[in-house]
Amino acid sequence: MQDGSALAVSADAKISVSREKGLNRVLQILEFLHSTQRAIGIGDLAKGVNAPRSTTYTLVRSLVDAGLLEMAGDGNRVYFGKKLYLYGMDYVRGNDLLRRGRQEVDNLSRETGETSELCMLQSGRYTIVHSSPGTRPFRISSATGLQIPLPWTASGRLLLAGLEQARIEAMISEDDLMLPDGRRLRLDDFIADIATARATGYCITSGLVDAYTKCLAAPVFSAPGTVEATMCLVVSIDTSQEKTGELLALLRERAARLSIAAWT
């Protein structure tokens, strides 16, 4: 027979495991809503996170009560709540690189008329953390929070610069190498592009995400040699070589200025 202390330890362990499992479910719910980018029904949410409907309903109700989620539409769908937005604003105010980066991106977009972005690595994906639309008649689709496979982007080649090849290979799936138009990138070519981007200090890609745009990216360093983010310009693919060179020079100047501010 187990004595009382052993039973107590066993009960505490079960409670700890249950709490950890519940926390993981909550994180899965938040990640799934982020990936879908829209309000979703409880049943579809349960399927998306591979959890029992009753468990999902209980967790959603707790998150709604806490203000982290809100019921949308007819009350049968759920999405992020106001409190998460406020937490996000607290993060922006507390992160000097992001705060300065947003200002630089907005200024760059106004000066050039082109779509400008600040991008970071998040959960193994290229993530747009701030975007400012251009003013030209030809508008580029870009959205804050959008996550894209790293091989599809110029920024991805810079964000991975300095990482060991084995780590890069572990982050890239076969699906990541398949472009939207059905072309497949070779992993060896992508790794070679990373090395080139690191050596040149910038990267330009054309026609990867779509056939009408090219992306210019420059690294933002949080410390010498450590790429924390990128600044990008997304322009029409028929932008002249001369104009592309002018934009790239300006982009690199602003990214360098942001880097210096980040580590001083």
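Residues numbered from 1 in each chain as written. Predicted model: local features only at pLDDT ≥ 70, side-chain atom pairs only at ≥ 80, totals over all residues. Heavy atoms only, no water.

## What to know about the layout of surface pockets
Then, in step 1: By volume, the largest pocket amounts to about 1100 Å³.
Then, in step 2: In terms of lining residues, the largest pocket is bounded by 24 residues, among which His 34, Leu 84, Gly 88, Tyr 91 and Gly 145 are the most central.
Then, in step 3: Secondary structure elements with two or more residues in the lining of the largest pocket: helix H1 (4–36), strand S3 (77–80), helix H4 (82–94), helix H5 (96–112), strand S4 (115–122) and strand S5 (125–132).
Then, in step 4: Here the lining of the largest pocket gets seven residues from one element, more than from any other, and that element is H4.
Then, in step 5: Looking at side-chain class alone, the lining of the largest pocket contains 14 nonpolar, eight polar and two charged residues. (1 Å grid on protein atoms, 1.4 Å probe; cavity = no way out; pocket = protein on both sides within 12 Å on 5 of 7 lines; lining within 4 Å. Points joined across faces, edges and corners; volume = space filled by probe spheres on them. Helix = DSSP H or I, 4+ residues; strand = E, 2+ residues; numbered from the N terminus. Nonpolar A, V, L, I, M, F, W, Y, C, P; charged D, E, K, R; others polar.)

## Here's the deal with the environment of Arg 25
Then, in step 1: Examined against the element boundaries, Arg 25 turns out to sit in helix H1.
Then, in step 2: Residues Arg 25 and Asn 50 lie 25 residues apart in sequence; the distance between their C-alpha atoms is 9.4 Å.
Then, in step 3: Leave out the neighbours within four places in its chain, and Arg 25 touches Val 49, Asn 50, Ala 51, Pro 52 and Leu 59.
Then, in step 4: For Arg 25, the side chain forms a polar contact with the main-chain oxygen of Val 49, separated by 3.4 Å.
Then, in step 5: A polar contact is formed between the side chain of Arg 25 and the backbone oxygen of Asn 50, at a distance of 3.3 Å. (Contact = heavy atoms within 4.5 Å. Polar contact = N/O pair within 3.5 Å; in protein donor to acceptor, adjacent residues only side chain to side chain.)

## Comments concerning the environment of Arg 77
Then, in step 1: Assignment of secondary structure puts Arg 77 in strand S3.
Then, in step 2: Taking the C-alpha atoms as reference points, Arg 77 and Ala 39, 38 residues apart in sequence, are found 5.7 Å from one another.
Then, in step 3: Setting aside residues no more than four positions away along its own chain, Arg 77 makes contact with Ala 39, Ile 40, Gly 41, Glu 70, Met 71 and Ala 72.

## Considering the side chain of Thr 127
Then, in step 1: Along the chain, the position of Thr 127 falls in strand S5.
Then, in step 2: Under the relative-accessibility criterion, Thr 127 is labelled buried at 7%.
Then, in step 3: In contact with Thr 127, other than residues within four places in its own chain, are Leu 118, Cys 119, Met 120, Gln 122, Gly 145, Leu 146 and Gln 147. (Buried < 20%, exposed > 50% of the residue type's maximum accessible area, 1.4 Å probe, protein only.)

## So, H5
Then, in step 1: Relative to the 24 Å expected for 17 residues at 1.5 Å per residue, H5 spans 24 Å between its end C-alpha atoms, a close match to the ideal helical length.
Then, in step 2: The complete set of buried residues in H5 reads Leu 97, Leu 98, Gly 101, Glu 104, Val 105, Leu 108, Ser 109 and Thr 112. Angularly, the buried residues of H5 cover 130° about the axis, an arc narrow enough to put them on a single face.
Then, in step 3: Its side-chain oxygen 3.2 Å from the backbone nitrogen of Leu 97, Asn 95 forms the N-cap of H5.
Then, in step 4: Just beyond H5, the residue with positive phi is Gly 113, at close to 80°. (Expected span 1.5 Å × (residues − 1). Arc of directions from axis to C-beta.)

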